[in-house]
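Below are the chains, spelled out letter by letter.
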Amino acid sequence: MPSQPTKSGIVTDEASGERHIPESVRADGSTRKAIKIRPGYRPPEDIEVYKNPAAESFRTRGKGPPPGSEGLKDEPKPAASASANKNAKRREAARNKAQAAEAAGASAKAPEKAPEKAPEPVVEELDSEVEKAKKVRNLKKKLRQVKSLQEKQEEGAALLPEQLAKVLKINELIRELDALGFDSEGEPKNKEADPTKDKTADD
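Residues numbered from 1 in each chain as written. Predicted model: local features only at pLDDT ≥ 70, side-chain atom pairs only at ≥ 80, totals over all residues. Heavy atoms only, no water.

The chain is annotated in an unreviewed UniProt entry as WIBG Mago-binding domain-containing protein of Podospora pseudocomata.

Structural data, given as structure tokens:
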């Protein structure tokens with residue numbers, strides 16, 4: 001029984017070991033005779049060409065997975081030792097215990113923190129009042145200085161450029177005091193009238 005033909009078309013008879021190219025039919029219908037091949041002869045088509053692995057990988061770069069990754073997939077994972085399993089279980093138990101303790105601590109602290117949230121707006125309100133009083137004091141001080149410089153200017157004294165700039169800002173200081181509820185003298189606008197003054201006025 002002949003073997004499978006090689007690339008050059010040579011078939012080997014398994015019984016006798018002889019090699020030959022079997023007869024074939026040409027395109028014009030004529031028959032091509034079988035050709036015997038002498039022992040030991042290998043045609044160029046059947047000679048395997050040496051392939052450089054580096055050159056082959058360079059030609060096929062980017063067409064497949066990274067070099068060496070195929071072998072990693074087939075490697076079996078080493079079985080964990082008994083001590084490693086025991087340590088892993090201990091770590092897991094400690095982690096679960098810590099999480100349970102944190103949850104219990106959070107639930108225990110939650111009722112204590114609830115009543116403390118109420119006074120926060122009062123503290124913020126006090127802070128705003130303190131800031132407002134501090135701003136009013138600064139504005140009053142600046143206003144007194146400006147009025148003093150204005151009096152000097154009216155008396156004929158020469159003022160420095162910085163002092164003149166302060167005098168020009170008197171209206172701005174009055175507006176800021178007005179926005180905070182104070183008049184141009186730095187007194188509160190909503191101050192209740194003195195009852196003694198009303199009484200003398202009626203008399």
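A. Structural view of the overall build of the chain. When you go through the chain residue by residue, the secondary structure sums to seven helices and five strands. Walking the chain from its N terminus toward its C terminus, one meets helices and strands in the order β-β-β-β-β-α-α-α-α-α-α-α. The contacts in the chain between residues at least 6 apart in sequence include a share of 31% that link residues at least 24 apart. Surface summary for the chain: the accessible area is close to 17,500 Å², and the carbon and sulfur share equals 55%. (Helix = DSSP H or I, 4+ residues; strand = E, 2+ residues; numbered from the N terminus. Contact = heavy atoms within 4.5 Å. Areas by Shrake-Rupley, 256 points an atom, 1.4 Å probe, with all protein chains shown as cover.)

B. Examining the nonpolar core more closely. Core analysis: the largest hydrophobic core is formed by nine residues, namely Val136, Leu139, Leu143, Val146, Ile170, Leu173, Leu177, Leu180 and Phe182. Those elements giving two or more residues to this core turn out to be α4 (120–154) and α6 (170–179). Ranked by residues supplied to this core, first place goes to α4 with four residues. In this view, Leu173 contacts Leu139, Lys142, Leu143 and Val146; residues no more than four positions away in its chain are not counted. (Core = buried A, V, L, I, M, F, W, Y, C linked by side-chain atoms within 4.5 Å. Buried < 20%, exposed > 50% of the residue type's maximum accessible area, 1.4 Å probe, protein only.)

C. Up close: the UniProt feature "domain: WIBG Mago-binding" (unreviewed entry) in the chain. Feature annotation in UniProt places "domain: WIBG Mago-binding" (unreviewed entry) on residues 17–43, given in this structure's numbering. In residues 17–43, the share of helix is 0% and the share of strand is 37%. The end C-alpha atoms are 17 Å apart. (UniProt positions renumbered as here; feature names shortened; annotations may be inferred.)

D. Examining the layout of surface pockets more closely. When its volume is computed, the largest pocket comes out at roughly 170 Å³. Together, Leu139, Lys142, Gln145, Val146, Lys166, Lys169, Glu172, Leu173 and Glu176 line the largest pocket. Mapped by element, the contributors of at least two residues to the lining of the largest pocket are α4 and α6. Tallying contributions element by element places α4 first for the lining of the largest pocket, with four residues. In the lining of the largest pocket, the residues fall into three nonpolar, one polar and five charged. (1 Å grid on protein atoms, 1.4 Å probe; cavity = no way out; pocket = protein on both sides within 12 Å on 5 of 7 lines; lining within 4 Å. Points joined across faces, edges and corners; volume = space filled by probe spheres on them. Nonpolar A, V, L, I, M, F, W, Y, C, P; charged D, E, K, R; others polar.)

E. A look at the sheet that holds strand β1 (residues 11–12). The sheet built from three strands is open, its strands ordered β1-β2-β5 with antiparallel pairing. With partners counted over all chains shown, the strands left at the sheet margins are β1 and β5 (35–37), one partner each. For β1 and strand β2 (residues 19–21), the ladder comprises two bridges, and the chain directions are antiparallel. Looking at the pairing, Thr12 lines up with Arg19 of β2. (Pairing = 2+ DSSP bridges.)

F. How the structure looks around α6. Restricting attention to buried positions, one finds in α6 the residues Ile170, Leu173 and Leu177. The buried residues of α6 occupy one face: seen down the axis, they fall within an arc of 60°. In α6, those exposed residues whose orientation departs by more than 90 degrees from the buried face are Arg175 and Ala179. After α6 finishes, the residue Gly181 shows a positive phi value of roughly 95°. (Arc of directions from axis to C-beta.)

G. Just the pattern of salt bridges, in detail. Evaluation of the coordinates by the stated rule reveals two salt bridges. In this structure, Glu56 and Arg59 form a salt bridge, with 2.6 Å as the shortest nitrogen-oxygen distance. Of the two residues, Glu56 and Arg59 both sit in helix α1 (residues 53–59), three residues apart, roughly one turn of that helix. A relative accessible area of 30% means that Glu56 is categorised as partly exposed. With its nearest N and O atoms 2.7 Å apart, the salt bridge here joins Glu92 to Arg95. Of the two residues, Glu92 and Arg95 are both situated in helix α3 (residues 82–113); the distance of three residues between them amounts to about one turn of the helix. A relative accessible area of 42% places Arg95 in the partly exposed class. (Salt bridge = Lys/Arg side-chain N within 4 Å of Asp/Glu carboxyl O.)

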